[in-house]
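# Secondary and tertiary structure notes
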Amino acid sequence: LAKTTQPISMDSYEGQEVNITCSHNNIATNDYITWYQQFPSQGPRFIIQGYKTKVTNEVASLFIPADRKSSTLSLPRVSLSDTAVYYCLVGEHNAGKSTFGDGTTLTVKP
Amino acid sequence: EAQVTQNPRYLITVTGKKLTVTCSQNMNHEYMSWYRQDPGLGLRQIYYSMNVEVTDKGDVPEGYKVSRKEKRNFPLILESPSPNQTSLYFCASGGQGLGETQYFGPGTRLLVL
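Each chain has its residues counted from 1, following the order in which its sequence is written. As they are written, the chains are lettered A onward and the ligands numbered 1 onward, keeping that order. Whole-chain, interface and lining totals are the exception, using all residues; otherwise, since this is a predicted model, local features are given only for residues with pLDDT of at least 70 and side-chain atom pairs are given and counted only at 80 or more. Water and hydrogen atoms were dropped before computing side-chain values, which therefore reflect all heavy atoms in the structure.

## With respect to the pattern of salt bridges
Here is the rule: Just to be clear on terms, a salt bridge is a Lys or Arg side-chain nitrogen sitting within 4 Å of an Asp or Glu carboxyl oxygen. Only runs of H or I of at least four residues qualify as helices and only runs of E of at least two qualify as strands under DSSP, and these elements are numbered from the N terminus.
Across all of its chains, the model carries five salt bridges over all chains by this definition. The salt bridge involving Lys-109 of chain A is made with Asp-11 of chain A; its shortest N-O contact spans 3.4 Å. Separated by 98 residues along the polypeptide, Lys-109 of chain A in strand β9 (residues 104–109) and Asp-11 of chain A in strand β1 (residues 9–13) bring together distant segments of the chain. One salt bridge connects Asp-38 of chain B with Arg-36 of chain B, and the closest N-O pair in it is separated by 2.9 Å. Through salt bridges with shared partners, a single network forms among Lys-18, Lys-65 and Glu-79 of chain B.

## Some details on the packing of aromatic side chains
The geometry of an aromatic ring pair comes down to the distance between the two centres and the angle between the two planes. To be explicit about the condition: The rule is short: rings of Phe, Tyr and Trp, with Trp giving its six-membered ring, pair when the centres are within 6.5 Å, and they are stacked under 30 degrees, edge-to-face over 60, tilted in between. To sort residues, take the accessible area from a 1.4 Å probe on protein chains only and compare it with the maximum for the residue type: under 20% means buried, over 50% means exposed, and anything in between is partly exposed. Throughout this description, the term charge over a ring refers to an Arg CZ or Lys NZ atom that lies within 6 Å of the ring centre and within 35 degrees of the ring normal.
Summed over the entire model, instances satisfying the criterion amount to ten aromatic pairs over all chains. Aromatic side chains Tyr-36 of chain A and Phe-100 of chain A sit 5.4 Å apart centroid to centroid with 55 degrees between the ring planes, which places their arrangement in the tilted category. Of the two residues, Tyr-36 of chain A is situated in strand β3 (residues 32–38) and Phe-100 of chain A in the loop between β8 (84–91) and β9; the sequence distance between them amounts to 64 residues. Each member of the pair, Tyr-36 of chain A together with Phe-100 of chain A, is buried. What links up through ring pairs into an aromatic cluster is the set Tyr-36, Phe-46, Tyr-87 and Phe-100 of chain A together with Tyr-35 and Phe-104 of chain B. We note Arg-68 of chain A situated over the ring of Tyr-51 of chain A; from NZ or CZ to the ring centre the distance is 4.0 Å.

## Focus: the environment of Lys-18 of chain B
Residue and element names in this part refer to chain B. So the rule is basically this: Any two residues having at least one pair of non-hydrogen atoms within 4.5 Å are treated as being in contact.
Within the secondary structure layout, Lys-18 lies in the loop between β2 (10–13) and β3 (19–25). Measuring from C-alpha to C-alpha, the distance between Lys-18 and Glu-79 comes to 4.6 Å, with 61 residues separating the pair along the chain. For Lys-18, the residues in contact, after removing those within four places along its chain, are Ile-77, Leu-78, Glu-79 and Pro-81.

The values are spatial; any link to function lies outside them.
See below:
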């Protein structure tokens, strides 16, 4: 499993764009990159997933450079409700062991 | 509605009293997994199952047992709970194959006295 490294915490203000970067130097060929969001006392929730280049959905974008050794989750115009822990998960997914890492605590201020 | 359910949601018990936390999914997923979450330690995988009758250890399996007799159910068993198993537990399920994601249950908060 590729080990991931994320910033422990980030602060932002409402309406700003937030970028959270995850390093995964040992990513394997078959690994996907998935981001989850977790609110206190709730289970993680899928946000976005990608393999290479850029992926966008209704809530976020995921940027993956050509070497795939890192990825950046981009949240446009955050609101107070985006305050949560964000996890980057790298792997073949559901192929066995799953390691979430420490996550990034994002605090959005008014 | 596609979902993962866990029962009970909250449980207070005493050391040594066997307990089972149930997990059920209605999405016909092959993969199921149990995690525990403790302050400052993030999500740690306890056990996972690739399919019926196939289970394997995660990162912190000590003190836990699991079984997968049916595709939809994946109970977590604590034969002799201890206070260090006080935690928030999450069950998850997902399809297999590249690109599949995990769907998490609402969590079970366990206090072992």
